[in-house]
Amino acid sequence: MKLFFRQLYAVLSSLRLTVYLLGFSLILVFFGTLDQVHFGIYETQRRYFQAVIAFWQYPLEWPGSQVLRWLVLPMPGGYLLGPLFMANLACAHFRYFRPRLRNIGIVLIHGGLGLLLVGQLLTDLAQEDFQMWIDEGSQKNYAESFFNNEIALVDQSDPDVDRVWSIPDDLLKTGAIFQHPELPLSIRIQRFYVNARIMQLQPNQSTGLMQTSQGVASRMRLGVLEAPPTYAHNQRNVTTAVVEILHRGSSLGTWLVSNVFDENLPAQRFEVDGHRFDLSMRFERRYFPFSVHLIEFSHDRYPGTEIPKNFSSLVHVDNHETGETRDTLIYMNHPLRYGGYTFYQASFANEDTSSMLQVVRNPGWLIPYISCVIMSLGLLYQFGWTLVKFAGRMRK
Amino acid sequence: MKKAVPIIFAAVAVAILLLAVLPDRNESDFDVDRFAALPVLEGGRFKPIDSVARTTLLLFRGKQTALSPSGDRIPATEWMMRLTLQPESAASYPVFLIHHEDVKELIGTSNANQKHYSYAEIVPHARKLQELVQTIPQEQSLQNAGQREMLKLFNNLIIYQRLAFTYRVPLLKDSVQAEYGAFMQALKDAAKVVGEDSKADPDEPALAKVSSYLRTYSSLSDTRAVKFVPTDGTASGWLNLSESLMHAMQLGRIPELTLDFAKLSDAYAAGNVEVFNATLQEIETHYASLGGGLPSDKVHAELVVNHLQPFGIAMALYVWVFIGVLVAWLTLDERLLKWVFWIVLLAFLVHTGGLLARMMIQGRPPVTNLYSSAIFVGWGAVALGVILERIYRNGLGSAVSAIIGLMTLIVANHLMASGDTMEMMRAVLDSNFWLATHVITISLGYSATYLAGFLAILYFVLGICTTRLDEATSRSLVRMVYGILCFSLFFSFVGTVLGGIWADQSWGRFWGWDPKENGALMIVIWIALVLHAKRGGIVRTPGFMNLTIFGNVVTSWSWFGTNMLGVGLHSYGFMSAAFFWLVLFCASQVAIMLLGGLLPMRRWRSKASG
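What counts as what
Residues numbered from 1 in each chain as written. Chains lettered and ligands numbered in written order. Predicted model: local features only at pLDDT ≥ 70, side-chain atom pairs only at ≥ 80, totals over all residues. Heavy atoms only, no water. Contact = heavy atoms within 4.5 Å. Buried area = accessible area lost by both parts, 1.4 Å probe. Salt bridge = Lys/Arg side-chain N within 4 Å of Asp/Glu carboxyl O. Polar contact = N/O pair within 3.5 Å; in protein donor to acceptor, adjacent residues only side chain to side chain. Helix = DSSP H or I, 4+ residues; strand = E, 2+ residues; numbered from the N terminus. Nonpolar A, V, L, I, M, F, W, Y, C, P; charged D, E, K, R; others polar. Phe/Tyr/Trp six-rings, centres within 6.5 Å; stacked < 30°, edge-to-face > 60°. Buried < 20%, exposed > 50% of the residue type's maximum accessible area, 1.4 Å probe, protein only. Lys NZ or Arg CZ within 6 Å of the ring centre and 35° of its normal. 1 Å grid on protein atoms, 1.4 Å probe; cavity = no way out; pocket = protein on both sides within 12 Å on 5 of 7 lines; lining within 4 Å. Points joined across faces, edges and corners; volume = space filled by probe spheres on them. Pairing = 2+ DSSP bridges. Axes fitted to C-alpha atoms, helices over the stretch in contact; angles between N-to-C directions. Parallel < 35°, antiparallel > 145°, perpendicular 65-115°, else oblique. Patch = residues over 30% accessible without salt bridge, like charges linked within 9 Å, V, L, I, M, F, W, Y side chains within 5 Å. Areas by Shrake-Rupley, 256 points an atom, 1.4 Å probe, with all protein chains shown as cover. Left-handed = near helix turned anticlockwise from the far one by under 90°.

1. Focus on the interface of chain A and chain B
In many analyses, interface size is given as the accessible surface area lost on bringing the parts together.
Then step 1. Each side of the interface is counted separately: chain A has 55 residues, and chain B has 59 residues.
Then step 2. The junction of chain A with chain B conceals about 5100 Å² of combined surface from both sides, 70% of it contributed by carbon and sulfur atoms.
Then step 3. Its largest share of buried area at the contact with chain B, chain A owes to L26, Y302 and N333 of chain A, together 13% of the area lost on that side.
Then step 4. Connecting chain A to chain B are 1 salt bridge.
Then step 5. Linking R337 of chain A and D504 of chain B is a salt bridge whose minimum nitrogen-to-oxygen distance equals 3.4 Å.
Then step 6. Where chain A packs against chain B, one counts 5 residue pairs in polar contact (both at pLDDT 80 or more).
Then step 7. For the side of chain A that touches chain B, the elements supplying multiple residues, two or more each, are α2 (15-34), α3 (36-49), α6 (104-126), β14 (308-319), β18 (354-361) and α8 (366-395) of chain A.
Then step 8. In terms of residues, the side of chain A that touches chain B owes the most to one element, α2 of chain A, which gives 13 residues.
Then step 9. Of the residues assigned to the side of chain A that touches chain B, the class counts are 32 nonpolar, 17 polar and 6 charged.

2. Describing the packing of aromatic side chains
Then step 1. Counted according to the given criterion, the structure contains 56 aromatic pairs over all chains.
Then step 2. Measuring from ring centre to ring centre gives 4.8 Å for F290 of chain A and Y338 of chain A, while their planes differ by 90°; the resulting arrangement is edge-to-face. Of this pair, F290 of chain A sits in strand β13 (residues 275-301) while Y338 of chain A sits in strand β16 (residues 336-338), placing them 48 residues apart in sequence. When sorted by exposure, F290 of chain A lands in the same class as Y338 of chain A, which is buried.
Then step 3. Plain terms: the ring middles of F376 of chain B and W379 of chain B are 5.5 Å apart, the flat faces sit at 25° to each other, and that makes the pair stacked. Placement of the pair is F376 of chain B and W379 of chain B together in helix α18 (residues 370-392), with a separation of 3 residues, close to one helical turn.
Then step 4. Classification of F376 of chain B as buried rests on a relative accessible area of 4%.
Then step 5. What links up through ring pairs into an aromatic cluster is the set F30, F31, W56 and Y58 of chain A together with W557 of chain B.
Then step 6. One residue, R47 of chain A, lies across the ring of F39 of chain A, its end atom 3.8 Å from the ring centre.
Then step 7. Seen from the ring of W365 of chain A, R337 of chain A lies directly overhead, with NZ or CZ sitting 4.0 Å from the centre.

3. Overview of empty space enclosed by the protein
Residues and elements named next belong to chain B.
Then step 1. One pass over the full model with this rule turns up 2 cavities of 30 Å³ or more.
Then step 2. The space that makes up the largest cavity amounts to roughly 50 Å³.
Then step 3. No other element matches the 4 residues that helix α9 (residues 145-164) contributes to the lining of the largest cavity.
Then step 4. Across the lining of the largest cavity, the residue classes break down as 5 nonpolar, 1 polar and 2 charged.

4. Describing the pairing of strand β1 (residues 39-42) of chain B
Then step 1. Here 4 bridges tie β1 of chain B to strand β2 (residues 45-48) of chain B, and the two strands are oriented antiparallel to one another. Among the inter-strand pairings, P39 of chain B is bridged to a residue of β2 of chain B, identified as P48 of chain B.

5. Overview of the sheet that holds strand β7 (residues 186-193) of chain A
All names here are of chain A.
Then step 1. One open sheet accounts for 4 strands, arranged β6-β7-β10-β11; its pairing is antiparallel. The outermost strands of the open sheet, each flanked by one partner alone, are β6 (177-179) and β11 (250-258). Here the average twist between neighbouring strands, direction ignored, is 25°.
Then step 2. In the sheet, β6 pairs with β7 via 3 bridges, with the strands oriented antiparallel. Directly across from I177, in β7, lies its bridge partner R188.

6. Observations regarding the side chain of E517 of chain B
Then step 1. Within the secondary structure layout, E517 of chain B lies in helix α22 (residues 515-535).
Then step 2. When near neighbours in sequence (up to four residues on either side) are disregarded, E517 of chain B contacts A503, R509, F510, W511 and G512 of chain B.

7. Some remarks on the packing of helix α1 (residues 2-12) of chain A against helix α5 (residues 78-96) of chain A
The description of two helices packed together rests on the angle between their axes and the distance between the axes.
All names here are of chain A.
Then step 1. Packing of α1 against α5 leaves a shortest axis separation of 8 Å and a crossing angle of 100°. Judged by the angle between their axes, α1 and α5 are roughly perpendicular. When α1 is examined against α5, the residues Y9, A10 and L12 are found in contact with a partner set consisting of A87, N88, C91, F94 and R95.
Then step 2. Here the contact of α1 with α5 is built from residues that sort into 6 nonpolar, 1 polar and 1 charged.

8. Details of a nonpolar patch on the surface
Residues and elements named next belong to chain A.
Then step 1. Taken together, the side chains of L101, I104, L108, V373, L377 and W385 make up a nonpolar region of the molecular surface, amounting to roughly 530 Å² of accessible area.
Then step 2. Where the nonpolar patch is concerned, the elements lending two or more residues are α6 and α8.
Then step 3. Counting residues per element, the nonpolar patch draws most heavily on α8, which supplies 3 residues.
Then step 4. Inspection of the secondary structure assignment puts L101 in the loop between α5 and α6.

9. Some details on the packing of helix α19 (residues 396-415) of chain B against helix α20 (residues 432-465) of chain B
Residues and elements named next belong to chain B.
Then step 1. In the contact formed by α19 and α20, the axes pass within 10 Å of each other and the chain directions differ by 120°. When the axes of α19 and α20 are compared, the pair comes out oblique. Note on packing geometry: the crossing formed by α19 with α20 is right-handed. Along the contact surface, α19 presents L396, A399, V400, I403, I404 and M407, while α20 presents Y450, L451, F454, L455, L458 and L462.

Written out as C-alpha cells, the structure reads:
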C-alpha cells in the first residue's frame, strides 16, 4: 500500500505527466473547437470542457462519413484534466522546487496557473448570462435567460401586485406534479418537449399530434409534435409543455404552453377559488431591484457605407431600493457594471429602436485578472533570467 | 572573382530598389498621374481614386492592373479614367476574370482558353445571371464553386455599373455639359410654372421633364457610390454624383466640381488633351481650396505607397537574400554572409516603411485585419531573425527571415484580393487601445512560433541534406529555438490574456471557448508542452525540433483555420483556395517531421548528434 502511494506520488509529480496532460489538453481544445460547428459554443462547452470524458464523432458532412461515422474518439474532458493538472502542479512543486532566487519565476507561473484553473471552475459553476430587450422609451426590471425556460403561473387577482410562481425547465419532466402550500391548485406536466413543432390541426385528421382542451391552442386548433433539440447559434428550441391543472382532485383541463407564444397571443387565463391566473412558458427571468429605461439607441455608420461604426444605448437606471438614479451610455467595449451585473451592448432590432443588452453575472470575474498578472510576472522574471544568463555567456 | 560576388549581390539589391522608384510608363498624353491623385470618399474613408481603381481590379481579376482590348496590361488608373469619363469605350476592356465552366457556359463562350471577359461580352447575359443568382442559397457552405463565382461576377457587375457613373451621367445629349445645361433649363422652366401657380398640374410638360431627369439621376448611384463633392468642412458633407445633382435643386446651380468633371469627361471623349489637362489642374485647385475635411497628406501618402508597392520590393529582396545565403553556404563565403545581412536589413527597412505608411494613412495600430496581420507577423519574425543573425552571424537568422518574410508577404498578397485592405473597423474592433495591445502581442507570438518552427526545419534540412550541421551549429540552433520559444510563450500567453480582458470588457466573459480564443490557447499549450518536454529530458534534440515544427501547424490553425470553421469545414466538398493551401502547408510540416523523426541519424549527411 505504501509502495502504491509512493508510485502514485512519483507519477503525479512527474514532468512526463505534465507533458501528457498538455498533449491531451491540446487535443481536447482542438476537437472542442471543431464540434462547435455542430453543437454551438454552449453545448460544446458542456460536452468537452465541463465533462469528465468527451467524445468526438466523425461528422456526417465530411467525406466518407458512411464508413467513418462509427469512428468515435474518446478523450479526457476538462473536468478530468483540470484536477489532474492541479495535482501534478502541487506534487511537482512539493517534490522538486527548493526556495531559490532563480525559481521564483517558475513558482509564480505555476501558482498563477493554479489560480486561473480554479477561477475557470468558479466561472463555470457560477456565471449566469441573460439578455434584456428594451424598446426606446420603455423600461424593464428583469432580464431573460438565453436558454432556460420556466413555466410561470401569475396570480393577478390583486390589482397592485402580481404573485408569480415559476418552475424552471430542468425540473420539467413528463408526468411531474407540482404543488405549493399557497396555491389552491396543482400542476401536472402531461408532456414536456425540449424542442417541438407547433402546427395547425387539419379538420378530420388524426395525426400523432398532441392536443389540448383549453386555452389558445384549443381555440386556434393547434397541435404539437416532438422535434429534435437544436444547437444552432441562431436558433432556439421551441420548448413546450402540455399542462394539466388539477383542483381538489379534478381536472380543469389541459393547456399548451410554449416559449414561442408571445404577447401577440391572448394570455392563457383561468380562475380557481376567485383567483385569476395567467399560465405561460417563457424564458427564465431574473428580476432586479432596479429598472433600466432605454432613452435612446444609436447606430452610427461610416459615411457612405453600411459598416457599423458604433452601437450605443443611452439608459437611465432607477434603483427602487436605494433611490439611486443615473444616466449611462452603454457602448462597444464600455459596459455598465451595476448591482453585481454587467450590461453590454449586444444587439438591436426594429429599425434601430430596440436594443438588446447582454447581462452577465460572474462573481469570479476578477480572478483571471489577478492570476494573469502573476503568471506574466513569472514568465517575465524567468525568461529575463535566461536572457541575462545568455547575454553573459555571449559576452565571454 | 570571389571578391566580386558580394558586390554583385549588393548591386542587384540596390537595382531592385531603384526599379521600384522609377515612375510608371505612361503612354497617354492625358495627365494620368494627376487623375490618379484625385481624392474621393469611398468605403467610409478618403483615398486617391487610384486606390479605388486598384482594389476594384483586384476584385475583378486579382491584379492591380487592367487589360486593354488587345490584351496589353495598362495601369489601373488609366482604365479607371476611361471607365468613369467615357464608360461606353471602357466596355470592351476585358477586366473580368472567369475560371469556372458553368459561368463561361452562361456567357456562351466557346473558347476554353479565354480567361478574361469584357463588360460588353457579359452584359447581354446579365438578366440570365441575375435569375440564376437568385436561386443560389444564402449560406456560403451550401454553394458550389460555380455558384460562388457566379455570385462574385454578379456583384462585380454591380460595382462596375456603379463606378461607371462616378463622375458623369449617361448621355442623352452629345456631351455631359449639354446634358447638365438641359437639366438646369428644365429646372428653371419648372420653377417658373410652380412660381405662377402653386397647385400646378403634375402633367405640366415642364414638371414632367424635370421629374424624368430627377428619376434618372437619383437612380444613378446608391449610398455606396464614390463621393467626390465636398459641401462643408466635414466628411459627412461629401456627396456622390447623384446626390450632387439633387443638391442642385436647393442650390439653384450644379456644384462646381460636378461641372468640372463634366468638362473633363467631354474633353476626354473628344480627345482634347489640352483642355483635359487644364481642367484637371482646375479641379486640383478646387479641392485644395475647398478642404472639406480632406486629409490631403494621407491621400498623397497612399498614392505614393500604391506606386512604390513596398511589400513587393521587400518580397523581391527576401528572395534575393535567400539565394545569397544559399550561395554563401555552398561556397563557404563568410564575407558574402555579412553582405547578405545588410540586404536583409534593407528588406526589413522597406518592410517596416510599408508598415509605418499604412499605420500613418489609417491612423491605426499595424494589425487591423487578416491582411495586415500577415504583413505584421512576417515583420515580427524578420525582426527577430535579424537579431539572431546579429548575435550568431552564421546565416541561419538571415535565411529564416527571408523565408518567413517572403511566405507571409505572399499570403498577404493573396488576401489582398478581397477588397480594400484598409477598410474601416467594425464597431466592436474600433478600439485602438486593444488593437495596439492584444492584437500586437498575439501576432508577435505567431511571429516567434513560426521563427522557431522554421529554424527547426533548417536543423533537419542542414543535417539531412548537407554536412554543415556540426556540433556547434546544432547547439546554437537548439539555443536559438529555445530562446525564441520562450519569447513566443510569453507573447502568446500575454496576448491571449489581453484578449480575455478585451472579451470581458466587450462581452462580459473572460473566456468563452470561442474558436479564435481556443486557437490562441492551443499555441500556449503547445509551446508549454515543448518546453516541458525539453526541460524534463523527455525528448532529445531531434524530438525537440520536431515538436517545434508542429508549432507551425498549431499556429496556422489558430491564425487561419479557426476563421474557416464557420464557412467551411462542415460543408462537404468545401475546398476554397485558402483552405487547400492551409492543408497543404500543414501536410508539408508533418512530412518534414516524419522525415526528420524516422530517418536514422547515421543516414544524415551531417554527423552531429543531438
